[in-house]
Amino acid sequence: MTSVENTRIDLSSSFKAYDVRGIVGETITADIVEAVGAAFVDVLELGGQTVLVGGDMRPSSPEFCAAFARGATTRGADVKLLNLISTDELYFACGSLQAAGAMFTASHNPAEYNGIKMAKAGAIPVSSETGLVEIQHLSEKYLAEGIPGAGSTGSISEQDVLREYAEYLRSLVDLSGSRPLKIVVDAGNGMAGMTTPAVLGSQLLPALPFEIVPLYFELDGSFPNHPANPLEPANLRDLQAAVVAHGANIGLAFDGDADRCFVIDEKGTPVSPSAVTALVARREIARAKAGSATRAPELTPVIIHNLITSRAVPELVTADGGRPVRTRVGHSFIKAVMAQEAAVFGGEHSAHYYFRDFFNADTGMLAAMHVLAALGEQDGPLSELGREYEPYVSSGEINSRLADIPAAVARVRAAYERDGVTLDELDGLTFTADNGEWWFNLRASNTEPYLRLNAEAIDAATMISTRDDVLALVRQ
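Attention here is on the structure that accompanies the text. (Residues numbered from 1 in each chain as written. Predicted model: local features only at pLDDT ≥ 70, side-chain atom pairs only at ≥ 80, totals over all residues. Heavy atoms only, no water.)

Quick notes on the sheet that holds strand β17 (residues 361-362)
Point 1. Here 5 strands make up an open sheet; going across it, the order is β14-β13-β15-β16-β17 and the pairing mixed. Each of the sheet's edge strands pairs with one partner strand only, and the pair in question is β14 (323-327) and β17.
Point 2. Relative to strand β16 (residues 353-355), strand β15 (residues 345-347) runs antiparallel, the two sharing 3 bridges. Each bridged residue has a counterpart across the sheet, and for F345 the counterpart in β16 is F355. (Pairing = 2+ DSSP bridges. Helix = DSSP H or I, 4+ residues; strand = E, 2+ residues; numbered from the N terminus.)

Right, here's the structure in full:
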């Protein structure tokens, strides 16, 4: 790397709260990545240890993996290149190999983006509160002054973890006894095009009683068919149509790095992430209460849910003898509370699902396997199975772009801070009707000029009324 003396480098535009993300060639380049690799080793004190490095199918990922490896080995770490992987594959590798790692992906962002998700040994996330700020500042220093050599340069080798990842997931959910299921999977040209045949198909392991109908399995970081962001309803339309056209039992949609999974029922209707959270929670509570050869039975298993998930989640967890714990939105918060509470499972409204047996990390594939197991062990359709987990009506997340977010929040607070309404400030403002008929949450985005509204009520009319009243105040 060329040394640039006395130059002020600022990487704040690409360093976010939980990861690094920027536009390739502008706010994230090979030089920047090399500096980040060196700083990662120094801040986490990984000299002489192994660092795992892999990336998704974006065209820049191989170059960035190589650059990160150069920086890391310059500072004395040994690098294992995992090459093409999903984000949850990295978490599996960090957990099973007890090594820190970096994943090159921009998740659901458009093709011109790439980024870095980092984890410590054991798949513990690196966030702004656990080293990411220090990595940013040291990277800026190395970009300005050059990366100094360590006592000895580390080595670079390669390792493929796909088979071990698939075997491990199958050891957690036995799908061999399922009734035959036809499953349409939309990989969005992302990493699920590689992981689905390995885990649910017969590419590496014995066949399961599933017929997989593939949509967009070709790995292509230009996303020629639709953005790999299933959170946007438009990106689910192809999957919804294919499920109905093929007479499938279920549809699964993954984001670009395949750490999130969205579920479609046999009618082509989305199953909410809250319903998936409740369904998986029920299974994990039962499993924890039963115990295993390596773990004693638990009297009251803990389930984590963020404050945007449906009220049905804590109600069902309590009814099944579990203990629900409510958290802020964001994977670093969820993972920290998972560890503190020894929780068996955690779910978010954004379709991130966290498992104690998966190193407290999130994996869309394992959540999908639980849904397939629940569907495959009974004869009814998914629409029927899912109905019991969705007793309330949700607005979904609604974003308002505002010039003055504090003023909008103040208007809502003035209108709703009254008798019969409970307010809490765990993450933004959550207002709950004391009669249980509705609740809503207002949160400002950390990165964009948006105010986010999520509302839920006992019926559609109450939800619509609540939603529209709040939006009128917000957008006044």
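Some words on the sheet that holds strand β9 (residues 210-215)
Point 1. With respect to topology, 5 strands assemble into an open sheet ordered β9-β8-β10-β11-β12, the strand pairing being mixed. Sheet topology places β9 and β12 (270-271) at the edges, where each strand pairs with a single neighbour.
Point 2. Sheet topology places strand β10 (residues 250-254) next to strand β11 (residues 261-264); 4 bridges connect them, and they run antiparallel. If you follow A253 over to β11, its bridge partner there is F262.

Quick notes on the side chain of R452
Point 1. Considering the arrangement of structural elements, one finds R452 in strand β23 (residues 450-457).
Point 2. Given the relative accessible area of 15%, R452 is considered buried.
Point 3. Engagement of the side chain of R452 in a polar contact is seen with the side chain of S445, the distance being 3.2 Å.
Point 4. Here R452 is in contact with E397, I398, N399, N441, L442, R443 and S445, once residues within four sequence places are set aside. (Buried < 20%, exposed > 50% of the residue type's maximum accessible area, 1.4 Å probe, protein only. Polar contact = N/O pair within 3.5 Å; in protein donor to acceptor, adjacent residues only side chain to side chain. Contact = heavy atoms within 4.5 Å.)

Regarding the packing of aromatic side chains
Point 1. Considering all chains together, one arrives at 16 aromatic pairs under this definition.
Point 2. Between Y18 and F333, the ring centres sit 6.4 Å apart and the planes meet at 90°, which makes this aromatic pair edge-to-face. Residue Y18 is found in the segment before β1 (20-23), and its partner F333 is found in helix α10 (residues 331-341); the two are separated by 315 residues along the sequence.
Point 3. Owing to a relative accessible area of 22%, Y18 belongs among the partly exposed residues under this scheme.
Point 4. Judged by relative accessible area, which is 16%, F333 ranks as buried.
Point 5. Centre to centre, the rings of F345 and Y353 are 6.4 Å apart; their planes meet at 15°, and the pair counts as stacked.
Point 6. Exposure remark for Y353: the relative accessible area of 1% places this residue in the buried category.
Point 7. Ring-pair connections join several aromatic residues into one group, and the members of that group are F92, Y165, Y168, F358 and F359. (Phe/Tyr/Trp six-rings, centres within 6.5 Å; stacked < 30°, edge-to-face > 60°.)

Distances and angles like these do not, on their own, reveal function.
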